[in-house]
Amino acid sequence: MSSESLPVSWSAVEAIAPHTSVSAEKLSNYDLILQCQAGFRPGKALFAELMRRYHPHVEKLLYHLAPDWTDRADLAQEVWIRVYRNIKRLQEPVKFRGWLSRITTNLFYDELRKRKRNSVPLSLDAPLAVEDGELDWELASDTPGPAEELATQEFYEQLRHAIADLPEVFRTTIVLREIEGMAYEEIAEITGVSLGTVKSRIARARQRLQEQLQQYLDA
């Protein structure tokens, strides 16, 4: 399932971003980030191009973390405001995507904690597209035919349901680990729990998923 479009208001950025004559579209990702770091603040055209390239990543991450939130667009806008204000602090431009993920995730957790304090219910029933990593579920077939393809489709549908049934803390750690590929230490820092707790939650989540999907794994 693809994430819905999250419109971002440009007014907050346009009010303070200077115009630039640089042809941003022709820059590589690395050079684009360097150009955004060059001045006192990123130029308007440069930053608009940065958002165009990386905003789908922000959308996807927020969609998996909080699919039922109706105000994800506000959170996405705050992400880019923070990027705009702090991009000069990024010491390794090649790691921009990971830095952007941490900003997004930290903002999500800040908002989540606020909502928990206000006793606002939250659903994190996000579908998870598992493509690699430790959750590498595969059906035994070198050249799958129609029947195998149908079985695979059914498996992933069941996988999505199984993940949706996980307790909230398990789901969030799985999203950060399997979608974002974050290290256990990063997840511990973001979620505010110990490294041992993170490892335990992920291990228990995987065990529960394996139990629910055993019939497919044994096929």
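Above this note sits the structure.
Bear in mind that the values here come from a model prediction, so they are computed numbers and not experimental data.

A.B. asks: Give me the side chain of Glu 180: which residues, what numbers.
C.D. replies: Its location among the elements puts Glu 180 in the loop between α7 (168-179) and α8 (184-191). In this view, Glu 180 contacts His 57, Leu 61, Ser 101 and Val 175; residues no more than four positions away in its chain are not counted.

A.B. asks: Can you lay out the packing of helix α4 (residues 72-86) against helix α5 (residues 96-117) for me, pointing to particular residues and giving the numbers?
C.D. replies: Contact geometry of α4 with α5 gives a least axis separation of 10 Å together with a crossing angle of 130 degrees. Classified by the angle their axes make, α4 and α5 are oblique. Of the two possible hands of crossing, α4 and α5 adopt the one that is right-handed. In this structure, α4 contributes Leu 75, Glu 78, Val 79, Trp 80, Arg 82, Val 83 and Asn 86 to the contact, and α5 contributes Phe 96, Trp 99, Leu 100, Ile 103, Thr 104, Leu 107, Phe 108 and Asp 110. The residue makeup of the contact of α4 with α5, split by class, is 10 nonpolar, 2 polar and 3 charged.

A.B. asks: Quick rundown of the nonpolar core? Include the residues and the values.
C.D. replies: Leu 50, Trp 80, Val 83, Phe 96, Leu 100 and Phe 108 are the most contacted members of the largest nonpolar core, which has 51 residues in total. When residues of this core are traced back to their parent elements, those giving at least two are α2 (29-38), α3 (44-65), α4, α5, α6 (146-164), α7, α8 and α9 (195-212). Here this core takes 9 residues from α3, the largest share from any one element.

A.B. asks: I'd like to hear about the side chain of Arg 201, residue by residue, with values.
C.D. replies: On the secondary structure map, Arg 201 appears in helix α9. Given a relative accessible area of 19%, Arg 201 falls into the buried group. Residues within four places of Arg 201 in sequence aside, it is in contact with Val 169, Phe 170, Thr 173 and Val 193.

A.B. asks: Account for α7, naming residues and giving values.
C.D. replies: The end-to-end C-alpha distance of α7, which contains 12 residues, comes to 16 Å, matching closely the 16 Å that a straight helix rising 1.5 Å per residue would cover. The set of residues buried in α7 consists of Glu 168, Phe 170, Arg 171, Thr 172, Thr 173, Ile 174, Val 175, Leu 176, Arg 177, Glu 178 and Ile 179. Gly 181 occupies a position one or two residues after α7 and carries a positive phi of about 65 degrees.

A.B. asks: I'd like a rundown of the environment of Thr 105, residues and numbers included.
C.D. replies: As for its placement among the helices and strands, Thr 105 is situated in helix α5. The exposure class assigned to Thr 105 is buried, which follows from its relative accessible area of 0%. Along the backbone, Thr 105 and Ile 187 are 82 residues apart, and their C-alpha atoms lie at a distance of 9.5 Å. Apart from residues no more than four positions distant in its own chain, Thr 105 is found in contact with Leu 61, Leu 65, Leu 176, Met 182 and Ile 190.

Cut-offs and rules
Residues numbered from 1 in each chain as written. Predicted model: local features only at pLDDT ≥ 70, side-chain atom pairs only at ≥ 80, totals over all residues. Heavy atoms only, no water. Helix = DSSP H or I, 4+ residues; strand = E, 2+ residues; numbered from the N terminus. Contact = heavy atoms within 4.5 Å. Axes fitted to C-alpha atoms, helices over the stretch in contact; angles between N-to-C directions. Parallel < 35°, antiparallel > 145°, perpendicular 65-115°, else oblique. Left-handed = near helix turned anticlockwise from the far one by under 90°. Nonpolar A, V, L, I, M, F, W, Y, C, P; charged D, E, K, R; others polar. Core = buried A, V, L, I, M, F, W, Y, C linked by side-chain atoms within 4.5 Å. Buried < 20%, exposed > 50% of the residue type's maximum accessible area, 1.4 Å probe, protein only. Expected span 1.5 Å × (residues − 1).

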